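Descriptive analysis of the structure
Here's the letter readout for the chains.
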There are 2 protein chains.
Amino acid sequence: MSVQERKERERADRERLIVATARELAEQQGWDAVTTRRLAERIEYSQPVLYSHFRGKREIIGAVALEGAAELAASLRAATGAERDPRGRVTALARAYLVFAARNPAVYDAIFQLDGGLAFARKDTPEPLQDAFAALLESLGEVSGDGVHPALFTEVFWASLHGLATLARSGRLPPGDAEARTELLVDRLAVL
Amino acid sequence: MSVQERKERERADRERLIVATARELAEQQGWDAVTTRRLAERIEYSQPVLYSHFRGKREIIGAVALEGAAELAASLRAATGAERDPRGRVTALARAYLVFAARNPAVYDAIFQLDGGLAFARKDTPEPLQDAFAALLESLGEVSGDGVHPALFTEVFWASLHGLATLARSGRLPPGDAEARTELLVDRLAVL
DNA sequence: CTCCGAACCCTAGCACCGCTAGACAAGCGA
DNA sequence: TCGCTTGTCTAGCGGTGCTAGGGTTCGGAG
């Protein structure tokens, strides 16, 4: 049995290597540069090996997305955990979200822009994605205001952050006023 | 001179045909299906003809984006023009924006998601893009609230709409509550 | 220790992509 | 009518995601 266990371990290691390499390559040179050939070369295996772990490029993007979603959730909780009042938590949450998007553009795209073959907003949604939404809900639910469903409020707040993040990064919003936009969004949306 | 004029007219006609065909194909089967080969086949010319009109695929996307931006601006103005009070105008604007995004997903992507080689938020931004932002500003500026710069408020409101539009269309937001989300956004962001 | 069989990986290739060089034909002006 | 410019097409480059099929390696039985 020991042999089989070793092989399974090696397989799992290699799978992690693929995902980490894809992520690294995507952050360095963009997702367009993540081709199966380049990826295979970087992990020092041939292309078909990738297909013994994933159905295709889409699934690799999905794997990066799940890893990234877990990190995003952790990052949001770390940022809000240090804050005492609801307002501080919401502001910290918004900033942390936008910082994550700006610092990990490729991962952010994998989660929220590209097609990684993942199900969203459903029962069979992968746990890391549900947990990332839960992390948002934890801080936003307390400022959703009377008569407004916390989940609905979280969706709207999240969508607004997503819009700011994506439009800013593609150069469609002027670069200077990012902080002012965040403040305005928090002031208007959150009921304190 | 008449001959040259005729040739120029035919060239312009063909260029319009390329843009219209690219748009049509993108709306029918998505931008991934808009390849230079397919596009050339549909306009009944060979591939190199495309490159005598546009530098490459990116510029074709840009051309569709400019055409779409003009339509979006017109659509927004048509929707707000019939409303008497500021609140009605803002609500109508938000609905019209989201309807445009939902009905013309490929064109919306060309404008706001894909790289069409266009400059945004700058002095040399193409006129249709500036005008689309102006159309937003016209209705949103009057509800930005005291002490808040209308352009900044417009950016935030627009980003929120963009987030709702893109997340909803990619299935990342539950499909049912679209109207409730729009109402919540307008209620909270606009100062009436 | 030998040898068989299975698991694994690689080479080679498919159809497609964006883009372009160079041959060729059509149609203008002289 | 003829030469030349203008315009278009054929063919091909290097790249893409993905896969069929052959070969090598290696574990385990005798």
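From a predicted model like this one, the values you see are computed outputs, not experimental measurements. Each chain has its residues counted from 1, running along the sequence as written. Starting at A for chains and at 1 for ligands, labels are handed out in the order in which the entities are written. Predicted model: local features are reported for residues with pLDDT of at least 70 only, side-chain atom pairs are reported and counted for 80 or more only, and whole-chain, interface and lining totals are derived from all residues. Hydrogens and waters are ignored; side-chain quantities use all the structure's heavy atoms.

A separate point is the protein's contact with DNA strand C. Proximity criterion: a residue is near a molecule or strand once any of its heavy atoms comes within 4 Å of it. Taken together, 18 residues lie around DNA strand C, and R14(A), S46(A), T35(B), T36(B) and K57(B) are the ones closest in. Protein-adjacent atoms of DNA strand C, using a 4 Å cutoff, are sugar or phosphate at a proportion of 55%. Side-chain polar atom of R37(B) to a base nitrogen of DNA strand C: 2.9 Å apart, as the coordinates give it. Under the scheme used here, helices are H or I runs from DSSP no shorter than 4 residues and strands are E runs no shorter than 2 residues, and both carry numbers assigned from the N terminus. Breaking the surface near DNA strand C down by element, the ones donating at least two residues are helix 3 (47-53) of chain A together with helix 1 (2-29), helix 2 (36-42) and helix 3 (47-53) of chain B. In the surface near DNA strand C, the residues fall into seven nonpolar, five polar and six charged. Polar contact is the term for a pair of N or O atoms within 3.5 Å; when the atoms are in protein, one must be able to donate a hydrogen and the other to accept it, and sequence-neighboring residues count only if both atoms are side-chain atoms. When residue character is reported, Ala, Val, Leu, Ile, Met, Phe, Trp, Tyr, Cys and Pro are called nonpolar, Asp, Glu, Lys and Arg charged, and the others, Gly included, polar.

UniProt positions are given in the numbering used here, feature names are shortened, and annotations may be inferred rather than shown by experiment. Residues given the UniProt feature "DNA-binding region" (unreviewed entry) here are residues 35-54 of chain A. From the first C-alpha to the last, residues 35-54 of chain A spans 14 Å; its make-up is 75% helix and 0% strand.

What makes a salt bridge here is a side-chain nitrogen of Lys or Arg within 4 Å of a carboxyl oxygen of Asp or Glu, nothing more. As enumerated under the stated definition, the model contains 28 salt bridges over all chains in all. Between R23(A) and E67(A) there is a salt bridge, and its shortest N-O distance comes to 3.0 Å. In this pair, R23(A) sits in helix 1 (residues 2-29) while E67(A) sits in helix 4 (residues 57-81), placing the two residues 44 residues apart along the sequence. Categorising residues by exposure relies on relative accessible area from a 1.4 Å probe, with only protein chains included: less than 20% of the type maximum marks a residue as buried, more than 50% marks it as exposed, and the intermediate range marks it as partly exposed. Taking relative accessible area as the criterion, E67(A) reaches 32% and is therefore assigned partly exposed. The salt bridge partner of R77(B) is E138(B), with a shortest N-O separation of 2.8 Å. Here R77(B) is found in helix 4 (residues 57-81), whereas its partner E138(B) is found in helix 7 (residues 127-140), with 61 residues between them in sequence. Counted as one network, the salt bridges with shared partners bring together R23(A), E67(A) and E71(A).

Taken together, the contacts link 35 residues of chain B with 35 residues of chain A. Summed over both partners, the accessible surface that disappears when two parts come together, traced with a 1.4 Å probe, is what is meant by buried area. Between chain B and chain A, the buried area comes to about 2900 Å², and carbon and sulfur atoms account for 67% of it. Along the contact surface separating chain B from chain A lie two salt bridges. Note that R181(B) is salt-bridged to E155(A), the shortest N-O span being 2.8 Å. If you list the elements that add at least two residues to the side of chain B that touches chain A, you get helix 6 (105-112), helix 8 (150-169) and helix 9 (178-189) of chain B. With 12 residues, helix 8 of chain B is the single largest residue contributor to the side of chain B that touches chain A. Looking at side-chain class alone, the side of chain B that touches chain A contains 22 nonpolar, eight polar and five charged residues. Pairs of residues are marked as contacts when any of their non-hydrogen atoms sit within 4.5 Å.

So, on to the packing of helix 5 (residues 86-103) of chain B against helix 6 of chain B. Residue and element names in this part refer to chain B. Whenever a helix is involved, its axis is fitted only over the stretch in contact; in every case the axis is a line through C-alpha atoms, and angles between N-to-C directions fall within 0 to 180 degrees. Two elements in contact, helix 5 and helix 6, have axes separated by 5 Å at closest approach and are oriented at 110°. When the axes of helix 5 and helix 6 are compared, the pair comes out roughly perpendicular. Judged by residue contacts, Y97, F100, A101, A102 and R103 of helix 5 engage P105, V107, Y108, I111 and F112 from helix 6. Grouping the amino acids of the contact of helix 5 with helix 6 by side-chain chemistry returns nine nonpolar, no polar and one charged. Here the angle decides the label: under 35 degrees means roughly parallel, over 145 means roughly antiparallel, 65 to 115 means roughly perpendicular, and every other value means oblique.

So, on to the UniProt feature "domain: HTH tetR-type" (unreviewed entry) in chain A. This chain's UniProt record puts "domain: HTH tetR-type" (unreviewed entry) on residues 12-72 of chain A. Taken as a whole, residues 12-72 of chain A contains 80% helix and 0% strand, while its terminal C-alpha atoms sit 23 Å from one another.

Now for the domain arrangement of chain A. Residue and element names in this part refer to chain A. All the domain ranges listed were derived from an automatic or database domain assignment. Per the domain assignment, the segments making up chain A are domain 1 (1-53) and domain 2 (64-189). Distance from the C-alpha centre of domain 1 to the C-alpha centre of domain 2: 29 Å. A buried area of about 720 Å², summed over both sides, lies between domain 1 and domain 2, and 58% of it is on carbon and sulfur atoms. Of all residues in domain 1, R23, E27 and W31 give up the largest surface area on contact with domain 2, accounting jointly for 81% of the area buried on that side. Between the two partners, domain 1 and domain 2, sit two salt bridges. For R23, the salt bridge goes to E71, with nearest N and O atoms at 2.7 Å. Scanning the region where domain 1 abuts domain 2 turns up five residue pairs in polar contact (both at pLDDT 80 or more). Of the residues belonging to the side of domain 1 that touches domain 2, the class tally is four nonpolar, no polar and two charged.

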